[in-house]
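This is what each chain is made of:
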Amino acid sequence: MNILITGGCGFIGSNFVRFLAHVRPAWKIVNYDKLTYAGNLENLADLAPGARYSFVRGDVCNRELVEHVLRAHEISAVVHLAAESHVDRSILDPHVFLSTNVLGTQVLLEAALRAQVSKFVQVSTDEVYGSLGETGAFTETSPLCPSSPYSASKAGADLLALSFYRTYGLPVSVTRCSNNYGRFQFPEKLIPLMIIQALGDQPLPVYGDGGNVRDWLHVEDHCEALLAVLERGRAGEIYNVGGEAERRNIDLVKQILAILGKPERLIKFVEDRPGHDRRYAIHAGKIGAELGWSPRRRLEEGLRETAGFYVDNPGWWRRVMSGEYRSYYESQVRGRLMGAGGSPT
Ligand code: NAD
Ligand code: DAU
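For the structure given in this document, a descriptive report is provided here.

Rules of the game
Residues numbered from 1 in each chain as written. Chains lettered and ligands numbered in written order. Predicted model: local features only at pLDDT ≥ 70, side-chain atom pairs only at ≥ 80, totals over all residues. Heavy atoms only, no water. Buried < 20%, exposed > 50% of the residue type's maximum accessible area, 1.4 Å probe, protein only. Helix = DSSP H or I, 4+ residues; strand = E, 2+ residues; numbered from the N terminus. Arc of directions from axis to C-beta. Near = heavy atom within 4 Å. Polar contact = N/O pair within 3.5 Å; in protein donor to acceptor, adjacent residues only side chain to side chain. Areas by Shrake-Rupley, 256 points an atom, 1.4 Å probe, with all protein chains shown as cover. Nonpolar A, V, L, I, M, F, W, Y, C, P; charged D, E, K, R; others polar. Pairing = 2+ DSSP bridges. Axes fitted to C-alpha atoms, helices over the stretch in contact; angles between N-to-C directions. Contact = heavy atoms within 4.5 Å. Phe/Tyr/Trp six-rings, centres within 6.5 Å; stacked < 30°, edge-to-face > 60°. Lys NZ or Arg CZ within 6 Å of the ring centre and 35° of its normal.

The next subject is helix H11 (residues 314-321). Burial in H11 covers these residues: Trp316, Trp317, Val320 and Met321. On an axial view of H11, the arc spanned by its buried residues comes to 120 degrees, and they lie on one face.

What follows is the structure in structure tokens.
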């Protein structure tokens, strides 16, 4: 198998490239990534480029280059992870989300069709379903009701990918997973941001009342799910992937503080995210029944291990935060904290 992984220098992508190189050593992996603020070659510093692994810097919107790479490397399957992935950024500036997430997906789908690949995995998100009330869980047939420009762009990309199956017979499978956590996550997302703020004894900005609920999936469990769908997922089908670990944000943040031995007084409730989805929960029965996948890692252990990664690798996250993210961080995190309301009850 010659496999193209897009977005392989990001958080999930770099974990997936490393995982695949380990469990499928005979495969040839091509990592195609634009290296935006979120892409970091250092995430894969332990993987030497060679006959089995190569990196190509490129934009998924670059039609010529995408087609050339698929042809030159005789690509037989695609796992499409490249995206603008951060909800808050999409609220500030939706344009690049539409361009990369929708148009970039269209470019890849067309190239994959021409190359007659045997599988195209579109990596999507539970956010396309919108928000849940106190009870219930998203199934693969839940209506799409995205709240942010990010989730709307992902919903658009999913529908486009499924249309390529129905119209042209491209063997597409879509995965929709919950919030990932683990090593190499960019420190704009909740868990690494809270860990890093706490390590510096800085305030932890919790949006709204902290009662929003997310389901947490260890990135290595997600990698196993992606491989199962890549190898055995049915074309034209959607698979939900969940972590069986629903937590209120405030409880998760308190748990992080407890792991790091830091006081809860660091928590600051700040202005809420506009259109903030209240609760996500995933029903992952289909991937369990059809492909035998279920999450194996427990959140408590996973959080400890993740906190340990950030404690042990300050050089990594300091370098990551020193670039473009620094100005985003200054305007967003500091801005929200300056208007902060109360402390936790
Ligand atoms: P990330 O932001 O950490 O990484 C995204 C990667 O895509 C980066 O390496 C970046 O350089 C690359 N990229 C961005 N624009 C590109 C472009 N135009 N051309 C080529 N490469 C480009 O994202 P992540 O958290 O690893 O998410 C990966 C995928 O999984 C995304 O599609 C996201 O929507 C989806 N997803 C993520 C989560 C999560 O919790 N992180 C949950 C559900 C779904
Ligand atoms: O559900 C899957 C999605 O999970 C993915 O599709 C997205 O790519 C990924 O970024 C993530 O989206 P969220 O918006 O849920 O993740 P984030 O880490 O930004 O926020 C998690 C929760 O924490 C959310 O309820 C908002 C809240 N939050 C976030 C930040 C950054 C805070 O309270 N304070 C913060 O500073």
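Below, the discussion takes up the site of ligand 2. Taken together, 23 residues sit near ligand 2, with Thr125, Asp126, Tyr150, Arg273 and His276 positioned nearest. Asp126 has a polar side-chain atom sitting 2.5 Å from an oxygen atom of ligand 2. Residue Tyr150 places a side-chain N or O atom 2.6 Å away from an oxygen atom belonging to ligand 2. In the complex, the protein chains occlude 94% of the 680 Å² of accessible area that ligand 2 would expose alone. Residue assignment for the shell around ligand 2 shows that the elements contributing at least two residues are helix H6 (190-199) and strand E8 (204-207). Here the shell around ligand 2 is composed, by residue class, of nine nonpolar, eight polar and six charged.

Remark on secondary structure: sheet strands pair via backbone hydrogen bonds, oriented parallel or antiparallel. Strand order in the open sheet formed by three strands is E7-E9-E11, with mixed pairing between adjacent strands. On the outer flanks of this sheet lie strand E7 (179-181) and strand E11 (246-248), each paired with one strand and no other. Going from strand to strand, the sheet's axes swing by 45 degrees on average, the running direction of each strand aside. Sheet topology places strand E9 (residues 213-218) next to E11; three bridges connect them, and they run antiparallel.

This paragraph deals with the sheet that holds strand E6 (residues 172-177). With respect to topology, seven strands assemble into an open sheet ordered E3-E2-E1-E4-E5-E6-E10, the strand pairing being parallel. Pairing within the sheet leaves two strands with one partner each, and these edge strands are strand E3 (53-57) and strand E10 (238-241). The average angle at which neighbouring strand axes cross in this sheet is 20 degrees, direction not considered. Both strand E2 (residues 28-33) and E3 contribute to a ladder of five bridges, which runs parallel. Pairing of Asp33 across the sheet is with Arg57, part of E3. On the sheet, helix H2 (residues 63-72) packs against strand E1 (2-6), E2, E3 and strand E4 (77-80) and is oriented at approximately 175 degrees with respect to E2. Packed on one face of the sheet, helix H4 (residues 95-114) meets E1, E4, strand E5 (119-125) and E6 and runs near 165 degrees to E5.

Now for the site of ligand 1. In the vicinity of ligand 1, 28 residues are found, and the nearest of them are Ile12, Asp33, Ser85, Tyr150 and Lys154. The backbone of Lys34 places a nitrogen or oxygen atom 3.1 Å from a nitrogen atom of ligand 1. Contacts to ligand 1 include Asn180, whose backbone N or O atom sits 2.8 Å from an oxygen atom. Residue assignment for the shell around ligand 1 shows that the elements contributing at least two residues are helix H1 (11-23), E5, helix H5 (149-168) and E7. Of the residues forming the shell around ligand 1, the biggest block, three residues, is contributed by E5. For the shell around ligand 1, the per-class residue count stands at twelve nonpolar, twelve polar and four charged.

This part takes up the packing of aromatic side chains. Counted under the stated rule, the structure contains eleven aromatic pairs. Members of the aromatic cluster, connected to one another through ring pairs, are Phe184, Phe309, Tyr310 and Trp316. Over the aromatic face of Tyr207 sits the side chain of Arg336, whose NZ or CZ is 4.1 Å from the ring centroid.

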